[in-house]
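# Observations on the model geometry
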Amino acid sequence: MATINIDPVTRIEGHLKVEVVTDGGEVKEARCSGTLYRGFEQIMVGRDPLDAPIITQRVCGVCPAVHATASAQAVDAALGIAGNVPDNGRIMRNLILGANYLQSHILHFYHLAALDYVDVTKVARYRGSDPTLRSVKDFIRRGELAPFVPRYEGDYRLADKVDREAVAHYVQALDMRRRAHEMLAVFGGKMPHQCGIVAGGVTSGPNADQIADFLWRLNQIRGFIDSVYLPDVIAVAKAYADYAEIGNGVGRWLAYGVFDMGTTDAGVAERERFMPQGVTDSSLQVADVDDQAVSEEVTRSWYRDGGAAHPSAGETVPEPDKAAGYSWLKAPRYNGKPYEVGPAARMIVGYIRGVEPIKSAVEGLLAKLGLNAGALNSVLGRHAARALEAKLVADEMAEWVTQLKPGEPFCAAQDIPEAGQGAGMADGPRGALGHWVSLDNSRVNRYQLVVPTTWNASPADGTGQPGPIEQALLGTKIRDEANPFEVVRIVRSFDPCLACAVHLITPAGDELSRLRVL
């Protein structure tokens, strides 16, 4: 028996520790530990509910737009105005969130995961005249190789020419991410932590210049997805075909759905969304999401244990010395069972429901790879689903932006009641996200977030069921326990996002640095 500790797992968002126990080179036990405490639930108590979308999106600098979206939906419901959000407000929320989707998916493949399959150091031998590759070669020559190293040495299988093209695309993807940020800022004001999405809709209406600006940038990103991103994912998938059978997760999928197609005060199961909601068991029978089936428990988490509870009734009381704990992440469960969330879940739910264009897109990509739908439950499946979703969302955004109507309403009137409660449930780039809020004396008296990576990287629960990433690691063959690249490939395929710190202070409150914002 051998124990492998990876702390932290690099090239992910936030701080994650993974520990696996192997026997004969096969993973027999796995633990995922979130090592950062954020405490947003306590920060929100006593606040004006209208502040919630602005404050809670700061839980993350990579995917803040979906936190603003879910929080605004929760406050809309608590204020009784969910059915009053104007079409302009609904569409602009979708466009802000969609821009964040594109940035996040491109970031994940090129700048976080691709380096597991692409050997950047090969460019050191490049003799051609491509200015991008020559720039990377000069960078390597200086000897400072971060962020390309340190790394586990993978079995790099791409041909030299394909490998060099992927490195050039790594650099090009940086520009595409910048354009996605700029696109989000057209309607969101800035990125990260946009200021467009608020309770009732958005802060300002669209004009013709904004629409043209947004569409111009979007079309450049669409071209990149079609001609670069999807072909690169296919090239990697063909070279690493065995990873269609590695990293199988729990085989149960949960999607709240995302991108409202109409204004309604209905619950998540009744909303028409571009990416549909649904939940599947291991037999892949899909059912509507029942938000009352969601619970969290903390048996193996560093919190005071009050038993499993629905998030609207949940508490977050840290207990860092808890002997049974090994993670700051709670353990969300649906009907008491762990579920995987994320792009693969959304593609599978949409595929089983027969929703177009999802069904045709999934079938087309699987045919190119010579795989069946079962391969979506794998390392390759998660990467393929993410790329496919980027294309579907980008193409749909080109339609949405033309539906905006300058001069028409964009935000509903608001009155804060003495008491109220609401839930906002939407899928972010990394999966199902829920915000629950309750009001007393017109202030927030309870707030709970259940974020996507809490689902995927959750610790074991009180019945001993490991979380989805832990289960995906079990049974994995490790060729070299001193160089366990298989483990990080599996973990990164989930695109974990545990936290993004936006400032640092000492325990005494002393400022460590000051940044000038331009």
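You'll find the structure just up there.
Presented here is an overview of the structure given in this document.

Calculation notes
Every residue gets a number counted from 1 within its own chain, in the order that chain's sequence is written. A pLDDT threshold of at least 70 governs which residues receive local features in this predicted model, and a stricter bar of 80 or more applies before side-chain atom pairs are shown or counted, although totals over entire chains, interfaces and linings include all residues. Computation of side-chain values: all heavy atoms of the structure, hydrogens and water removed. Secondary structure counts use DSSP, requiring at least four H or I residues in a row for a helix and at least two E residues in a row for a strand, with both numbered from the N terminus. C-alpha atoms define the radius of gyration, and 2.2 Å times the number of residues to the power 0.38 defines the globule rule. When checking whether two residues touch, look at their non-hydrogen atoms; a contact exists if any pair is within 4.5 Å. Here the accessible surface of atoms and residues is derived via Shrake-Rupley with a 1.4 Å probe, and residues count as covered only by protein chains that are part of the display. Counting rule applied: Lys, Arg positive; Asp, Glu negative; His and chain ends not counted. To locate a charge, the coordinates of NZ of Lys, CZ of Arg, CG of Asp or CD of Glu are taken. Note on definitions: salt bridges are taken to be side-chain nitrogens of Lys or Arg within 4 Å of carboxyl oxygens of Asp or Glu. Residue burial is assigned from relative accessible area. The probe radius is 1.4 Å, only protein chains are included, and a residue is buried under 20% of its type maximum, exposed over 50%, and partly exposed in between. Pairing of aromatic rings covers Phe, Tyr and Trp, the last counted by its six-membered ring, and requires centre-to-centre distances within 6.5 Å; plane angles under 30 degrees mean stacked, over 60 mean edge-to-face, and any other angle means tilted. Buried residues of nine kinds, namely Ala, Val, Leu, Ile, Met, Phe, Trp, Tyr and Cys, make up a nonpolar core once their side-chain atoms join them within 4.5 Å. As a rule, the C-alpha atoms of each element are fitted with a line to give its axis, helices using only the stretch in contact, and angles between N-to-C directions run from 0 to 180 degrees. If an angle is under 35 degrees, it is roughly parallel; if it is over 145, roughly antiparallel; if it lies from 65 to 115, roughly perpendicular; otherwise it is oblique. Crossings are classed by handedness, with left-handed meaning an anticlockwise turn of the near helix from the far one by less than a right angle and right-handed meaning a clockwise turn. Any N or O atom pair separated by 3.5 Å or less is treated as a polar contact, with the protein-specific requirement of one donor-capable and one acceptor-capable atom, and with residues adjacent in sequence counted only for side-chain atom pairs. Only when DSSP finds a minimum of two bridges between them are two strands counted as paired.

So, about the overall build of the protein chain. Assigned secondary structure in the protein chain consists of 13 helices and 15 strands. Taking 24 Å as the expected radius of gyration for a compact globule of 518 residues, we find that the protein chain reaches 22 Å, a close match to that expectation. Along the longest, intermediate and shortest principal axes, the C-alpha atoms of the protein chain span 65 × 55 × 55 Å. Long-range pairs, those at least 24 residues apart, make up 73% of the contacts in the protein chain between residues at least 6 apart in sequence. Summing over all exposed atoms, the protein chain offers an accessible surface of approximately 20400 Å²; the carbon and sulfur share of this is 50%. Separation of charge centres in the protein chain, based on 53 positive and 63 negative side chains, amounts to 6 Å.

As a further point, take the pattern of salt bridges. In total, this model carries 34 salt bridges according to the counting rule given. The salt bridge involving D288 is made with R353; its shortest N-O contact spans 2.9 Å. Here D288, found in the loop between β10 (286–287) and β11 (294–297), pairs with R353, found in helix α8 (residues 343–353); they are 65 residues apart in sequence, far enough to count as distant. For R353, a relative accessible area of 32% puts it in the partly exposed group. For R430, the salt bridge is made with D495, and the minimal N-O distance between the two is 3.3 Å. In this pair, R430 sits in the loop between β13 (419–428) and β14 (431–440) while D495 sits in the segment after α13 (485–493), placing the two residues 65 residues apart along the sequence. A residue is classified by how much of its surface remains accessible, and D495, at 1% relative accessible area, is buried.

With the rule as written, the count across this model stands at 18 aromatic pairs. Where Y110 meets F224, the ring centres are 5.7 Å apart and the plane angle is 55°; that geometry is what we call tilted. Of the two residues, Y110 sits in helix α4 (residues 87–113) while F224 sits in helix α7 (residues 208–239), which places them 114 residues apart along the sequence. What makes Y110 buried here is its relative accessible area of 2%. Seen from their ring centres, Y303 and W328 are 5.6 Å apart, and the 70° between their planes marks the pair as edge-to-face. Taken together, the positions of Y303 in the loop between β11 and β12 (331–334) and W328 in the loop between β11 and β12 put the pair 25 residues apart, joining distant regions of the chain. Each member of the pair, Y303 together with W328, is buried.

Looking now at the nonpolar core. In this structure, L102, Y229, M397 and L473 are the most contacted members of the largest nonpolar core, which totals 138 residues. If we skip the residues at most four places from it in the chain, L102 touches M183, L218, I221, I225, A390, V393, A394 and M397. If you look at the next biggest cluster of nonpolar residues, it comprises 15 residues, including L254, V279, V289 and V294.

Remark: α7 packs on helix α10 (residues 379–400), axes separated minimally by 9 Å, with the N-to-C direction vectors making an angle of 160°. Between α7 and α10, the interaxial angle falls into the category roughly antiparallel. For the pair α7 and α10, the crossing hand works out as left-handed. Of the residues in α10, those in contact with F214, L215, L218, R222, I225, D226, Y229, L230, V233 and A237 of α7 are L380, H383, A384, R386, A387, L388, A390, K391, A394, D395, M397 and A398.

This part is about the environment of E296. Tracing the sequence through the fold places E296 in strand β11. Residue E296 is classed as buried on the basis of its relative accessible area, which comes to 8%. In this structure E296 touches G307, A308, A309, K330, A331, P332, Q448, L449, V450 and T454, once residues within four positions along its chain are discounted.

On to the side chain of S327, then. As for its placement among the helices and strands, S327 is situated in the loop between β11 and β12. Separated by 2.9 Å, the side chain of S327 and the backbone nitrogen of G34 make a polar contact. Separated by 2.9 Å, the side chain of S327 and the backbone nitrogen of L329 make a polar contact. If we skip the residues at most four places from it in the chain, S327 touches C32, S33, G34, R300, S301, W302 and P459.

Strand order in the open sheet made by the 3 strands is β6-β9-β10, with antiparallel pairing throughout. Two strands close off the open sheet at either side, each with one partner strand: β6 (253–255) and β10. Two strands pair when backbone bridges link them, and strand β9 (residues 278–280) and β10 are joined in this way by 2 bridges, in the antiparallel orientation. Looking across to β10, one finds that T280 is bridged to V286. Docked against the sheet, α8 engages β6, β9 and β10, running at close to 90° with respect to β6.

Next up on the list: the sheet that holds strand β2 (residues 16–23). Pairing in this open sheet of 3 strands is antiparallel, and the strands run β1-β2-β3 from one edge to the other. Strands with a single pairing partner mark the edges of an open sheet, and in this sheet they are β1 (2–6) and β3 (26–34). This sheet shows a mean twist of 15° between the axes of neighbouring strands, independent of strand direction. Bridge count between β2 and β3: 8 bridges; the pairing is antiparallel. Residue pairing in the sheet places V20 in a bridge with A30 of β3. Across the sheet, α13 is in contact with β1 and β2; its angle to β2 comes to roughly 135°.

That's the geometry; what it means functionally is another story.
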